[in-house]
Amino acid sequence: MSTENPATAARTAELSARLDGLLARIDAAVETAGRPAGSVRLLPVTKFFPAADVAILHALGRREFGESREQEASAKVEELAFDDVEWHMIGRLQRNKARAVARWAHTVASVDSERLANALDRAAQDALAAGERIAPLRVLLQVSLDADPGRGGVAPPDLLTLADLVAKAPGLHLAGLMAIPPLDVASHVSFANLATLHTSLLAQHAGATELSAGMSGDLEIAVEHGSTCVRVGTALMGARPITSA
Ligand SMILES: *Cc1c(COP(=O)(O)O)cnc(C)c1O
């Protein structure tokens, strides 16, 4: 990273200060929840921000990044060419993007249908065979916490069937659960529901330990309800330049 460019130096100082504050906020939430130190990871969400910002966060020690749009993500992955970074696809994904995503994503956090899971399985197996990836694609099932299908997520009654399918897929590794709480329900109610669903998933799939929950505005409540990974954009990067998808 160039330290000669004053704009880069200013952005580095800004991101460094926000990152320190955010990590302290997560540590405080973990302590308040009475959970072991270090039990919640930060996934910085860099969607809508330039590769230069990701490079700064990498220089500050971050090794995982969340992106929500395939084309934007693959462009950054290619430009930065890190060999020590795990990229997470956290946004809604169409099946026709499965091949592209399987080339760069360490984790897809938004798997919510059998058709998408099957497409990703085939794509990941092909990418493995072609030497484009070295491990199966890590998958989080996105579960819906309301009745609105527009927000994405598998309906809770269908969760365990989808989990069984992913667990058997040779190209996939079932790692856990993800959710985006509905805006019109109190966060603690949604995250409590999510925790119950995670418990039922773990009863069938003991390895599915990840619970990706909590964003800039609600991470403390998610941590109280068992989140193992908070996905934070705004509180780290600043307001997104355009409305997020
Ligand atoms: C954008 C996004 C986030 C980050 O949200 P902030 O409120 O900016 O922290 C988290 N999760 C998903 C799925 C997102 O698309």
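Coordinates for the structure precede this section.
Residues numbered from 1 in each chain as written. Predicted model: local features only at pLDDT ≥ 70, side-chain atom pairs only at ≥ 80, totals over all residues. Heavy atoms only, no water.

Asks: Even after reading the chapter, I still don't get the overall build of the chain, so can you show me in this structure?
Replies: Regarding its fold elements, the chain presents nine helices and eight strands. Over its C-alpha trace the chain gives a radius of gyration of 18 Å, about what one expects of a compact globule, namely 18 Å for 245 residues. Once the C-alpha set of the chain is aligned to its principal axes, its extents read approximately 55 × 45 × 30 Å. Counting all 245 residues of the chain, 49% fall into the buried class. Counting contacts in the chain only where the partners sit at least 6 residues apart, residues at least 24 apart contribute 61% of the total. Total accessible area on the chain is roughly 11300 Å²; 53% of this is exposed by carbon and sulfur atoms. Each charge class in the chain was averaged separately, 23 positive and 29 negative side chains, and the resulting centres sit 4 Å apart. (Helix = DSSP H or I, 4+ residues; strand = E, 2+ residues; numbered from the N terminus. Rg over C-alpha atoms; globule rule 2.2 N^0.38 Å. Buried < 20%, exposed > 50% of the residue type's maximum accessible area, 1.4 Å probe, protein only. Contact = heavy atoms within 4.5 Å. Areas by Shrake-Rupley, 256 points an atom, 1.4 Å probe, with all protein chains shown as cover. Lys, Arg positive; Asp, Glu negative; His and termini not counted. Charge placed at Lys NZ, Arg CZ, Asp CG, Glu CD.)

Asks: Even after reading the chapter, I still don't get the pairing of strand S4 (residues 107-111), so can you show me in this structure?
Replies: The side chains of a regular strand alternate between the sheet's two faces. With five of its five residues buried, S4 lies for the most part within the structure. Here strand S3 (residues 86-89) runs beside S4; their pairing, made up of two bridges, is parallel. The residue of S4 that forms the bridge with Met-89 is Val-108. What joins S3 to S4 is helix H4 (residues 98-104), and the crossover it makes is right-handed. Assessed by its sense of winding, the connection that carries the chain from S4 through helix H5 (residues 114-129) to strand S5 (residues 137-142) is right-handed. (Pairing = 2+ DSSP bridges. Right-handed = clockwise from strand over helix to strand, strands pointing away.)

Asks: Just checking my understanding: could you explain the packing of aromatic side chains for this structure?
Replies: Where two aromatic rings form a pair, the distance of their centres and the angle of their planes describe that pair. Under the definition given, this model contains one aromatic pair. Residues Phe-65 and Trp-87 carry aromatic rings whose centres are separated by 5.6 Å and whose planes lie at 45 degrees to one another, so their mutual orientation is tilted. One end of the pair, Phe-65, is in strand S2 (residues 64-67); the other, Trp-87, is in strand S3, with 22 residues separating them in the sequence. Trp-87 carries the same exposure label as Phe-65, and that label is buried. Residue placement shows Arg-69 over the ring face of Phe-48; its charged tip is 4.0 Å from the ring centre. (Phe/Tyr/Trp six-rings, centres within 6.5 Å; stacked < 30°, edge-to-face > 60°. Lys NZ or Arg CZ within 6 Å of the ring centre and 35° of its normal.)

The values are spatial; any link to function lies outside them.
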